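Listed below, chain by chain, are the residues.
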Amino acid sequence: MQRTVDSSSRKRKPQTPEERQEKKRELLVFLFLAGILFPILAVLVVSGYGFAVWIFQIFAGPPGPPG
């Protein structure tokens, strides 16, 4: 059982310098997003939530049964 593959459906490697430059730029943007921006945003969101809970507890008191 042999499958025939249409050559137009195969992914081709970038040939022109512009295509190679675009692929390099896409890789750098991906690495920036995945390695720098998203981890920083995750830390900021978690610490912001912790800060909001801390401020709320300053005014409303800690959770627990009423004293």
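On a predicted model such as this, the values are computed, not experimentally measured, just so you know. (Residues numbered from 1 in each chain as written. Predicted model: local features only at pLDDT ≥ 70, side-chain atom pairs only at ≥ 80, totals over all residues. Heavy atoms only, no water.)

1. Looking at the overall build of the protein
On a plain count of helices and strands, the protein comes out with one helix and zero strands. Element-wise, carbon and sulfur atoms account for 67% of the exposed surface of the protein, whose accessible area totals about 6800 Å². (Helix = DSSP H or I, 4+ residues; strand = E, 2+ residues; numbered from the N terminus. Areas by Shrake-Rupley, 256 points an atom, 1.4 Å probe, with all protein chains shown as cover.)

2. A closer look at helix 1 (residues 17–60)
Over its 44 residues, helix 1 runs 62 Å from end to end, which matches the ideal 64 Å to within 8%, given 1.5 Å per residue. Of all the bends in helix 1, the greatest, near 40 degrees, is centred on Leu33. Looking at the residues trailing helix 1, positive phi occurs at Gly61, about 90 degrees. (Expected span 1.5 Å × (residues − 1). Bend = angle between axes of the 7 residues up to and from the residue.)

3. Some thoughts on a nonpolar patch on the surface
Taken together, the side chains of Phe32, Ile36, Phe38, Ile40, Leu41 and Leu44 make up a nonpolar region of the molecular surface, amounting to roughly 580 Å² of accessible area. Mapped onto the fold, Phe32 is located in helix 1. A residue is classified by how much of its surface remains accessible, and Phe32, at 41% relative accessible area, is partly exposed. (Patch = residues over 30% accessible without salt bridge, like charges linked within 9 Å, V, L, I, M, F, W, Y side chains within 5 Å. Salt bridge = Lys/Arg side-chain N within 4 Å of Asp/Glu carboxyl O. Buried < 20%, exposed > 50% of the residue type's maximum accessible area, 1.4 Å probe, protein only.)

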